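Spelled out, the chains give:
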Amino acid sequence: QKEVEQNSGPLSVPEGAIASLNCTYSDRGSQSFFWYRQYSGKSPELIMSIYSNGDKEDGRFTAQLNKASQYVSLLIRDSQPSDSATYLCAGTIFGNEKLTFGTGTRLTIIP
Amino acid sequence: SAVISQKPSRDICQRGTSLTIQCQVDSQVTMMFWYRQQPGQSLTLIATANQGSEATYESGFVIDKFPISRPNLTFSTLTVSNMSPEDSSIYLCSVTGPLMNTEAFFGQGTRLTVV
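Residues numbered from 1 in each chain as written. Chains lettered and ligands numbered in written order. Predicted model: local features only at pLDDT ≥ 70, side-chain atom pairs only at ≥ 80, totals over all residues. Heavy atoms only, no water.

1. Observations regarding the pairing of strand β7 (residues 61-66) of chain A
Residue and element names in this part refer to chain A. As a reminder, the rule being used: For two strands to be treated as a pair, DSSP must find at least two bridges joining them. For helices the rule is a DSSP run of H or I covering at least 4 residues; for strands it is a run of E covering at least 2, with both sets numbered from the N terminus onward.
In this sheet, β7 lies alongside strand β6 (residues 54-58) in antiparallel orientation, the contact comprising five bridges. Across the sheet, Gly54 pairs through a bridge with Leu65, a residue of β7. Adjacent in sequence and paired antiparallel, β6 and β7 are bridged by two residues, among which Gly59 carries a positive phi angle near 65°. Bridging between β7 and strand β8 (residues 71-76) involves six bridges; their strand directions are antiparallel. Bridge pairing in β8 links Gln64 to Ser73.

Next up, the structure:
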């Protein structure tokens, strides 16, 4: 079983709608979670980090963490064509800063 | 976040040769990592670059193939040795801390093609 799993997509969402990206993890020692956005040919860009249960909002982005269910999600409200990219979920284990990445979800926003 | 300069940005190399990739950060960081991203895939950690000591390699990666140096807190190199076409990938440097709250940031990446 992979340590971090994502719905691989691809996911297509109409412009202005909410895009929902999901991630599950297998190691209960996982402590911190991150969402990265990667445009084609570019390196990953950190867009959200979340460390405790609940929701964390930053502009159009909301990260949700549920440690009991071992589930992390990213919601993108009012989706824009510029949000079209691959989104990578990553986690770290307490005391270790190395990231374990999911396989990524390719998101396309349809104008 | 730190400014991370990685070079070269891309290279085309002959099989059997070696390429050294450099990663320079504009401030002191706690951790430096090297990742590989094969075409169409996610990121896989190669190793943690330890300052002044041998790197810590992940399963499937060995020092003879991917020697790593980190002489100080702001600089690291990754060498891809005795290259084959299977080494064609994007190689990424990543850094965390001390003011980044465990968040990791990436260099621009090195796109390597082995012919």
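2. Section: the interface of chain A and chain B
Often the size quoted for an interface is simply the accessible area lost on bringing the parts together. To keep things clear, this is the line we draw: Here a residue-residue contact requires only that any non-hydrogen atoms of the pair lie within 4.5 Å. Note: buried area is the sum, over both parts, of the accessible area (probe 1.4 Å) each one loses when the two are combined. Definition used for salt bridges: Asp or Glu carboxyl oxygen within 4 Å of a side-chain nitrogen of Lys or Arg.
With 17 residues of chain A in contact, the opposing surface of chain B contributes 20 residues. Taking both partners together, chain A and chain B bury about 1500 Å²; carbon and sulfur atoms supply 54% of that area. For the interface between chain A and chain B, the tally reads one salt bridge. Residues Lys98(A) and Glu58(B) are paired through a salt bridge, measuring 2.9 Å at the closest nitrogen-oxygen approach.

3. Concerning the state of the cysteines
Note the cut-off: Two cysteine sulfurs form a disulfide in these notes if their separation is within 2.5 Å. The rule is simple: take the accessible area with a 1.4 Å probe, protein chains only, and divide by the maximum for that residue type; under 20% is buried, over 50% is exposed, in between is partly exposed.
In total, this model carries two disulfides over all chains according to the counting rule given. Between the sulfur of Cys23(A) and that of Cys89(A) lies a disulfide, 2.1 Å long from S to S. The S-S bond linking Cys23(A) to Cys89(A) shows a torsion near -75°; that makes this disulfide left-handed. Of this pair, Cys23(A) sits in strand β3 (residues 19-25) while Cys89(A) sits in strand β9 (residues 85-93), and the two are 66 residues apart along the sequence. Given a relative accessible area of 1%, Cys23(A) falls into the buried group. Given the relative accessible area of 0%, Cys89(A) is considered buried. Each sulfur in the disulfide pair Cys23(B) and Cys93(B) lies 1.9 Å from the other. Taking the sign of the S-S torsion, about -65° here, the bridge from Cys23(B) to Cys93(B) comes out left-handed. Residue Cys23(B) is found in strand β3 (residues 19-25), and its partner Cys93(B) is found in strand β9 (residues 89-96); the two are separated by 70 residues along the sequence.

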